[in-house]
Amino acid sequence: MKSAVVSLVEKALKAAQAEGSLPEVKVQINIEYPDKKYGDYATNVAFLLAKQARKNPREVAEIIAHHIKDPFVASVDVAEPGFINLRMKESWWNSIIEQILRDKEHFGDCNLGNGKKVQVEFVSANPTGPLHIGHGRGAAVGDSLCRILQKAGFAVEREYYINDAGRQIRMLGESIWARCKELKGEEVKFPEDGYRGNYVIELAKEALQKFPDILNMPKEKAVERLAEWGKDKLLEKIINDLKSFNVEFDSFFSEKSLHQEGKIEEALKVLKEKGYIYEKDGALWFKSTELGDEKDRVVVRTNGEPTYFAADIAYHRDKMKRGYYLCINVWGADHHGYIPRVKAAIKAMGYDPEKLKVLLIQMVSLLRDGKPVSMSKREGEIIPLRWLIDEVGKDAARFIFLTRKCDSHLDFDIEVAKRQTEENPVFYVQYAHARICSIKRIAEERNISLNPHQSDLSLLKEEEEKEIIRKLSQFPDIVEASARNLEPHRITYYLTDLASLFHSYYNRFRVLVEDKALRNARFALCEATRIVIKEGLRLLGVSAPEEM
RNA sequence: GCGGCAGUAGCUCAGCUGGAUAGAGCAGCGGACUUCUAAUCCGCAGGUCGGGGGUUCGAGUCCUCCCUGCCGCGCCA
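On a predicted model such as this, the values are computed, not experimentally measured, just so you know. (Residues numbered from 1 in each chain as written. Chains lettered and ligands numbered in written order. Predicted model: local features only at pLDDT ≥ 70, side-chain atom pairs only at ≥ 80, totals over all residues. Heavy atoms only, no water.)

Secondary structure assignment for chain A yields 19 helices and 15 strands. A principal-axis box enclosing the C-alpha atoms of chain A has dimensions of 85 × 65 × 40 Å. For chain A, the residues scored as buried account for 53% of the 548 residues in total. In chain A, 71% of the contacts between residues at least 6 apart in sequence involve partners at least 24 apart. Total accessible area on chain A is roughly 25900 Å²; 47% of this is exposed by carbon and sulfur atoms. Side-chain charges of chain A comprise 85 positive and 85 negative groups, with the mean position of each set lying 2 Å from the other. (Helix = DSSP H or I, 4+ residues; strand = E, 2+ residues; numbered from the N terminus. Buried < 20%, exposed > 50% of the residue type's maximum accessible area, 1.4 Å probe, protein only. Contact = heavy atoms within 4.5 Å. Areas by Shrake-Rupley, 256 points an atom, 1.4 Å probe, with all protein chains shown as cover. Lys, Arg positive; Asp, Glu negative; His and termini not counted. Charge placed at Lys NZ, Arg CZ, Asp CG, Glu CD.)

It is worth spelling out the pairing of strand β9 (residues 283-286) at this point. Relative to β9, strand β8 (residues 277-280) runs antiparallel, the two being bridged by four bridges. Opposite I277, over in β9, you have F286 as the bridge partner. As defined by bridge partners, β9 adjoins strand β10 (residues 297-300) across three bridges and the pair is classed as antiparallel. In the sheet register, F286 faces β10, and the bridge partner there is R297. (Pairing = 2+ DSSP bridges.)

With that settled, the discussion passes to empty space enclosed by the protein. Taken as a whole and assessed by the stated rule, the structure comprises one cavity of 30 Å³ or more. Here the largest cavity is characterised by a volume of approximately 30 Å³. Around the largest cavity, the lining residues are Y33, D40, Y41, W93, R470, S473 and Q474. Element by element, the count of residues in the lining of the largest cavity is highest for helix α17 (residues 463-485), at three residues. In terms of residue class, the lining of the largest cavity is made up of three nonpolar, two polar and two charged. Each of domain 1 (2-88) and domain 3 (423-540) contributes no fewer than three residues to the lining of the largest cavity. (1 Å grid on protein atoms, 1.4 Å probe; cavity = no way out; pocket = protein on both sides within 12 Å on 5 of 7 lines; lining within 4 Å. Points joined across faces, edges and corners; volume = space filled by probe spheres on them. Nonpolar A, V, L, I, M, F, W, Y, C, P; charged D, E, K, R; others polar. Domains from an automatic or database assignment.)

Further remarks concern the sheet that holds strand β1 (residues 31-32). On the basis of which strands lie adjacent, the open sheet formed by four strands has the order β1-β2-β4-β3 and antiparallel pairing. Each of the sheet's edge strands pairs with one partner strand only, and the pair in question is β1 and β3 (73-79). As judged from the two bridges shared by β1 and strand β2 (residues 41-43), these two strands associate in the antiparallel manner. Along β2, the bridge assignment pairs E32 with A42.

A few words on the environment of G113. Residue position: G113 is located in the loop between α4 (90-103) and β5 (117-121). On the basis of relative accessibility, which here comes to 0%, the residue G113 falls in the buried class. Linking G113 and R484, residues 371 residues apart in sequence, is a C-alpha distance of 9.4 Å. Contacts of G113, omitting those with residues within four sequence positions, involve A152, G153 and F154.

Let us look at the layout of surface pockets. Gaps left between atoms show up when a probe the size of a water molecule is rolled over them. What the second largest pocket holds in volume is close to 590 Å³. Lining of the second largest pocket is provided by 21 residues; of these, A165, G166, R167, R170 and E305 occupy positions nearest its centre. Partitioned by chemical class, the residues of the lining of the second largest pocket number six nonpolar, five polar and 10 charged.

Don't take any of this as a statement about function, it's just geometry.
In structure tokens form, the structure reads like this:
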């Protein structure tokens, strides 16, 4: 609820300026949560104005503090060296509970986005194999980010870029083809960079059933057909896996379509017209160095084929033309070196590179009881996301993927995630939700009346109760900060904190007490907590079970 | 070599886009279930925020220089 406090301080500042005690300078009013002993809210405006007001911060603070008048404010203090500390009345805190009970899951919605269109492109894994753990983290971050941005008032579009063209798809076809041969007992040299995962063998078995005469066809033709068919099968599997991970997309963008519709040529033509294309060694190069890249990049190979990068230029041109307020790409951190050239291309085509934000997702190290699980790519031995979901569950996987800043390494311990104990942060939060549901259930069973909406919240006198309310009041700020900084992990931390406060409270106090008025008041607090936990979990794509 | 990211408690990590005495979980030790779910709670301990310099009322946070680790640096995608 910082925004309400901001406007309150703003009003005081304007009043002070109007009477001439402070100069008319614009400042950003910043509200913080100070240590409890100082107050409920604090602001540092005085420091920001001190220089131009030619007064010391303390004096400025006194002037502003003097003008703060609001029915919700209990006291205003100025502390050295110039902080203004506010303490709010009980009615302020109670109104927050009322607001949560009234707004329900809409509590924390904000208008940061103001309906502006934002596109988030994530996962975009090649349809040449199943999703692995790394994709899972990207999926969790991307999807959660979308949910948060939506709550913050953006019109979000989720897109998956399908790399369905080029060498790797052909290689998929060759790999399946080779496996078909082997299944028929024929000696065949498996392609050097082929896909060696078991799923290729499965595909080959299926292909032999579906296309009985596939091996009688000329190799080129067979490979092409198998590539096309295999790619579709794998994409279907990817989409299914994502669905079980609670992730769905609004649109799929095909790289192949860029080739087919001449979009690549178009994009390159634009670059050429602007003078960013030159020929060298029989290839066409993009002068990305002029726009901040380390070296120039080939866009059309000697053999006349456009590079992957050329397609990506066309893809980003298409995105830019679609007129988003912001495009967010969620990439694996190993692609970081790729950012400058894409930004260079965007700039070269006359768009603002700031329209593109790239989120880099760091590697996930898989552990089992603290020991690393080998993830060697040898023999295509990757750990599939599907396996992880089956092993630890969708909720645990998503939550744990979101327990770190996305650009930090993540240690994912499968045994801890599976363990249904205190070590597991997912259950900790879900349990708090379930406990509140349980209170309600018990009350119904025992015919105990509960009416959170008609409760006298002033009965909530305990320090633990006030702590919870303070925390609840921060939810909108956390949502906004997560959206502003594109950092879903803030929600995860917030929920853990909130759950912790609730568990403490639950252990120390009873909700279903004899005193009806107190019972209702406490239950109102619980309901508000439940609503916020459930909504927070929703933002993470994690379920909020009513019993566990 | 160049570039990106990181370095905070024994371990894994937060730290609100510069704020007041740097936090949490785990691991360790000791306690709490005839009560609304013990998947929980309560208490104890733990620090040169990698190092130096700088910017200012104020730096874990910003600038600079070192040290260390991970990762990128294809006419691969």
